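Chain and residue survey
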Amino acid sequence: MSGIGGLLANADTEEKTAGEPFDVGRFVAKLGCRCFAGNAAALAGNGDRACDRCGRTVSVRDGVIVFIPPENAFNVLEKADYDAAHGVDIATSRSLSRLYANHIPEELGNDLDVVEIGSGTGLLTASLGDLPRVGQSVALDISLAFLRTARQRVMEHSANPRKTVLACADLNDLPFGESVFDVVVGNSILHHIMDYGALLSRLRFILKDGGVALFSEPCQQGKSLVAFFLGLMVQHDRRSAKPVLDEGERKRIEGAISVLMRERNVASRPELKLKMEDKHIFMTGKLAEMAADLGYAGFQSRNTSAVTDGYRKFAENTLRVVGLHDRVAEFSFLFEEFQDKYLYFFADQTETPHQILIFRK
């Protein structure tokens, strides 16, 4: 077997004695450069393979397919405790995979080809391939270290590890051909991309007609409502005859409000966004306009959960970061009034702080 198929067949992986680690032929068929699957691929140094037509090289490192020079395959987030910061565990993974599965249109059928972008250390990857409707799941990230950890999670927790392919690639230079995936999934990744419109255009290219790109992302309407309630808490407390917050706590809450409203605060300072890890909080109306401009057939945003407590749990989640989530109980009346007077009538018009964004090709 030549090309990438031969490279994978000869890779020194733990699954070698049990056969191919995944369906190599199905994966190769998705590649934009068919040279990797045919005779045009030639052996390069260090066991890599290079294409004499497009110039790409590909290698296998610890069961991960690497489409970029290994020395470039890193993410600055590797320096932090990524798993702790992102709550990576298998229970959360399975819950997330079910969340995304609920938004895959039934008419797409079964045996779906799915690509996950920005997979990190495998929070979603570990269980995405176990979804009954998924035929093959391809996890992409720029960090080889993250993908090695993700592979360990897949091997440890997945009931169907051979349904998952791990590939190291740059989202600015996807290695896939046109119309090869049924579903694109990105769990809290789009808001990290400065030019997310360009990425959405590239994702549309690799989606099949009727396919969907699904994202869970921070959105401004819900974030602004949380900011509104936190502001009410501070104002009420400052005017109260029996305040429950000291001035330091009020300042910490006001800092959280500033983060929630940062989209407005940096609107005229794009140079600041370049330096920020979380670059965007999205306006769903603007995303709908962008989807149409990029040629998508449709766009929807959906709440990630029901709003049944007047935004109290969202306020608690926000203040958990600054260690003040237990203070929200002192202001329960604010959320109860909102639930009774507004959400009773308009709950279906109110966004949660994170939305499931659905782009349909």
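What comes next concerns the included structure. (Residues numbered from 1 in each chain as written. Predicted model: local features only at pLDDT ≥ 70, side-chain atom pairs only at ≥ 80, totals over all residues. Heavy atoms only, no water.)

With respect to the environment of alanine 315
Mapped onto the secondary structure, alanine 315 falls in helix α13 (residues 312-320). The exposure class of alanine 315 is buried, given its relative accessible area of 0%. C-alpha separation for the pair alanine 315 and phenylalanine 335, spaced 20 residues apart in sequence, amounts to 9.6 Å. Setting aside anything within four residues of it in sequence, one finds alanine 315 in contact with Val226, Leu230, Val328 and Phe335. (Helix = DSSP H or I, 4+ residues; strand = E, 2+ residues; numbered from the N terminus. Buried < 20%, exposed > 50% of the residue type's maximum accessible area, 1.4 Å probe, protein only. Contact = heavy atoms within 4.5 Å.)

A few points about the pairing of strand β5 (residues 112-117)
Of all six residues that make up β5, six are buried, and the element is covered over most of its length. Burial of β5 is two-sided: the residues Leu112, Val114 and Glu116 facing one way and the residues Asp113, Val115 and Ile117 facing the other way are all buried. In the sheet, β5 pairs with strand β8 (residues 181-187) via three bridges, with the strands oriented parallel. The residue of β8 that forms the bridge with valine 114 is valine 183. (Pairing = 2+ DSSP bridges.)

Comments concerning helix α14 (residues 332-346)
In this model α14 runs 20 Å from its N-terminal to its C-terminal C-alpha over 15 residues, within 8% of the 21 Å that 1.5 Å per residue would give. Considering bend angle alone, the principal kink of α14 is centred on glutamine 339 and spans about 40°. What α14 keeps buried is the set Ser332, Leu334, Phe335, Phe338 and Leu343. Packing partners of the buried residues in α14 comprise α8 (220-239) and α13. (Expected span 1.5 Å × (residues − 1). Bend = angle between axes of the 7 residues up to and from the residue.)

A short note on a nonpolar patch on the surface
A contiguous nonpolar surface patch, about 460 Å² in accessible area, is contributed by Tyr342, Tyr344, Phe345 and Phe346. By the element assignment, phenylalanine 346 lies in helix α14. In this structure phenylalanine 346 comes out as partly exposed when scored by relative accessible area, which is 32%. (Patch = residues over 30% accessible without salt bridge, like charges linked within 9 Å, V, L, I, M, F, W, Y side chains within 5 Å. Areas by Shrake-Rupley, 256 points an atom, 1.4 Å probe, with all protein chains shown as cover. Salt bridge = Lys/Arg side-chain N within 4 Å of Asp/Glu carboxyl O.)

Some words on the packing of α8 against helix α9 (residues 247-260)
Viewed as axis vectors pointing N to C, α8 and α9 meet at an angle of 160°, and their least axial separation amounts to 9 Å. Between α8 and α9, the crossing angle belongs to the class labelled roughly antiparallel. For the crossing formed where α8 meets α9, the hand is left-handed. Residues Gln220, Lys223, Val226, Ala227, Leu230, Gly231, Met233, Val234, Asp237 and Arg238 of α8 touch α9, and the partners they reach there are Glu247, Arg250, Lys251, Ile253, Glu254, Ala256, Ile257 and Leu260. Within the contact of α8 with α9, the residues separate by chemical class into nine nonpolar, two polar and seven charged. (Axes fitted to C-alpha atoms, helices over the stretch in contact; angles between N-to-C directions. Parallel < 35°, antiparallel > 145°, perpendicular 65-115°, else oblique. Left-handed = near helix turned anticlockwise from the far one by under 90°. Nonpolar A, V, L, I, M, F, W, Y, C, P; charged D, E, K, R; others polar.)

Re unusual backbone geometry
Backbone geometry places aspartate 62, a non-glycine residue, at a positive phi of 55°. Within the element layout of this structure, aspartate 62 appears in the loop between β3 (57-61) and β4 (64-66). Although it is not a glycine, aspartate 111 sits at a positive phi angle of roughly 55°. Counting through the fold element by element, aspartate 111 comes out in the loop between α4 (90-101) and β5.

None of this, on its own, says anything about what the molecule does.
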